[in-house]
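Examination of the molecular architecture
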Amino acid sequence: MANHRRIFILVGIAAACLFFTVIYLVSNHKTYSKQDAQIHRYFGGTNQAVSVYVISGKEKGPTLLVFAGIHGDESGGYLTAERYVDVKVKKGTIIVVPRLNLPAVSRGKRQGLGGDMNRLFHLPENSNSTPDSKVVDLAKYLIKNADYVLNLHQGEGFYSPQWISHKRNPYKWGQCNVIDAPIFDLPNGDKLELDNLAKRIAARSNSRIANKQFHFQVNNTNTASNKSLHKEQRRSLTYYALYQQHKTTLALESTKNCTLPQAISFLTIAMNSVIMEVGIQAENLPSEDPLVIGREMTGKRSQLF
Ligand SMILES: [Zn+2]
């Protein structure tokens, strides 16, 4: 009986935590509609405002959740994500959070108010232990409703499984699809085949990238392993999404060693490849041409001034 009571109490506490998270997020949130997107604005009027764009097709299909701007000095990531908020989806759902870490993006720095936000996902929900806790809790809440989770980044140099040079080696992050494990065993006996998916996405992307120097590689950080080069990733968004919520999740990284329109082009190629690979159908995917992207950026700047 004692065990039953303990389980009952634990389930009660977990349910209460979820309830209060939902109540807290709902009370800090407004919804708008724009064309096909529903825009949810959380923590509006604060310097940590987060916009979430939900674009659903008429046909049922998978839900792809895309985060960017967790690191504010990786503009290739959030400028790519923003190109998807006007996409028309026919089948499935795309949820885009272009600027998760607004204080970091506003300052153009990796760190936000609570340090590196991609090192806060191991903290328990409702802990309020850092100034970013409410935003991290929101991200965790959104992950619960997704089938696939992406986190867009822009890193130095070029990832390569072998050491080739100071610019191209296993410690660099540019031009890769990052997975925390090659295969993840689910409690029901099923498997999430992350390595296979990341390879298919890389093959699709690379078929559209003429210069082989910029081809995407699969970077398996084997995060849970004692031999991992990247144990710090155990505190990351993707590790949380995989190990705590059992979602198929990848980080997409473009390099910083190119122009910004090129970096946006590479991430757009990778995003479009993911969308096709997971079976979402959309009408107007953004252009992958760096010249078109450059013109878009000039147009946006002239609208601003
Ligand atoms: Zn990053």
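The coordinates are above.
Below or above, wherever it landed, is the structure these notes cover.

Rules behind the numbers
- Residues numbered from 1 in each chain as written.
- Predicted model: local features only at pLDDT ≥ 70, side-chain atom pairs only at ≥ 80, totals over all residues.
- Heavy atoms only, no water.
- Helix = DSSP H or I, 4+ residues; strand = E, 2+ residues; numbered from the N terminus.
- Buried < 20%, exposed > 50% of the residue type's maximum accessible area, 1.4 Å probe, protein only.
- Contact = heavy atoms within 4.5 Å.
- Areas by Shrake-Rupley, 256 points an atom, 1.4 Å probe, with all protein chains shown as cover.
- Donors = N, O, S within 2.8 Å, 3.2 Å for Na, K, Ca; no water.
- Tetrahedral: all angles 85-135°; square planar, octahedral: opposite > 155°, others 65-115°.
- Lys, Arg positive; Asp, Glu negative; His and termini not counted.
- Salt bridge = Lys/Arg side-chain N within 4 Å of Asp/Glu carboxyl O.
- Expected span 1.5 Å × (residues − 1).
- Arc of directions from axis to C-beta.
- Pairing = 2+ DSSP bridges.
- Core = buried A, V, L, I, M, F, W, Y, C linked by side-chain atoms within 4.5 Å.

**Brief notes about the overall build of the protein chain**
- Within the protein chain, the regular secondary structure consists of 8 helices and 14 strands.
- Classification of the 305 residues of the protein chain by burial places 50% in the buried group.
- When contacts within the protein chain are restricted to residue pairs at least 6 apart in sequence, those whose partners lie at least 24 apart make up 67%.
- For the protein chain, the accessible area works out to roughly 14,800 Å², and carbon and sulfur atoms hold 54% of it.

**What about the environment of asparagine 196?**
- Mapped onto the secondary structure, asparagine 196 falls in helix α5 (residues 194–206).
- Considering only alpha carbons, one finds asparagine 196 and valine 218, 22 residues apart in sequence, at a separation of 9.6 Å.

**Some words on the coordination of the zinc ion**
- In this structure, His71 (ND1), Glu74 (OE), Glu74 (OE) and His153 (ND1) serve as the protein donors to the zinc ion, at separations of 2.0 to 2.3 Å.
- Bound by 4 donor atoms, the zinc ion shows angles of 57 to 153° at the metal and therefore irregular coordination geometry.
- Written as a sequence motif, the donor residues of the zinc ion are H-x2-E-x78-H. Residue histidine 71 is found in the loop between β4 (59–67) and α2 (75–81), and its partner histidine 153 is found in strand β6 (residues 148–155); the two are separated by 82 residues along the sequence.
- Taking the relative accessible area as the measure of exposure, histidine 71 reaches 3% and is therefore buried.

**Structural notes on the side chain of lysine 247**
- Relative to the helices and strands, lysine 247 is located in the loop between α6 (237–243) and β13 (248–255).
- Here lysine 247 is buried and forms no salt bridge, its nearest opposite-charge partner aspartate 147 lying at an N-O distance of 5.6 Å.
- Discounting residues that sit within four places of it in the chain, lysine 247 has contacts with Ile143, Lys144, Ala146, Asp147, Val149, Leu192, Ala241 and Leu242.

**What to know about the pattern of salt bridges**
- Under the counting rule described, the total for this entry stands at 11 salt bridges.
- The shortest N-O distance in the salt bridge between glutamate 277 and arginine 200 comes to 2.7 Å. Separated by 77 residues along the polypeptide, glutamate 277 in helix α7 (residues 260–278) and arginine 200 in helix α5 bring together distant segments of the chain.
- A relative accessible area of 40% places arginine 200 in the partly exposed class.

**Brief notes about α5**
- For α5, which comprises 13 residues, the first-to-last C-alpha distance of 18 Å matches the rise-based estimate of 18 Å (1.5 Å per residue) to within 8%.
- The set of residues buried in α5 consists of Leu194, Asp195, Leu197, Ala198, Ile201, Ala202, Ser205 and Asn206. Down the axis of α5, the sector holding all buried residues measures 165°, keeping them to one side.

**Observations concerning the pairing of strand β5 (residues 89–97)**
- Of all 9 residues in β5, 7 are buried, a share of seventy percent or more.
- As paired strands, strand β3 (residues 50–56) and β5 are joined by 4 bridges and run antiparallel to one another. Opposite isoleucine 55, over in β5, you have isoleucine 94 as the bridge partner.
- One ladder, built from 6 bridges, connects β4 with β5; its direction is parallel.

**Let's talk about the nonpolar core**
- By size, the foremost hydrophobic cluster in this structure holds 48 residues, and its most contacted members are Leu150 and Leu252.
- Sort the elements by how many residues they give to this core and α7 lands first, with 9 residues.
- Excluding residues that lie within four positions of it along the chain, leucine 150 makes contacts with Leu64, Leu65, Val66, Phe67, Leu250, Leu252, Met271 and Val274.
- Of all hydrophobic cores here, the second largest spans 26 residues; its members include Val50, Leu65, Leu120 and Ile143.

Taken by themselves, the reported measurements are silent on function.
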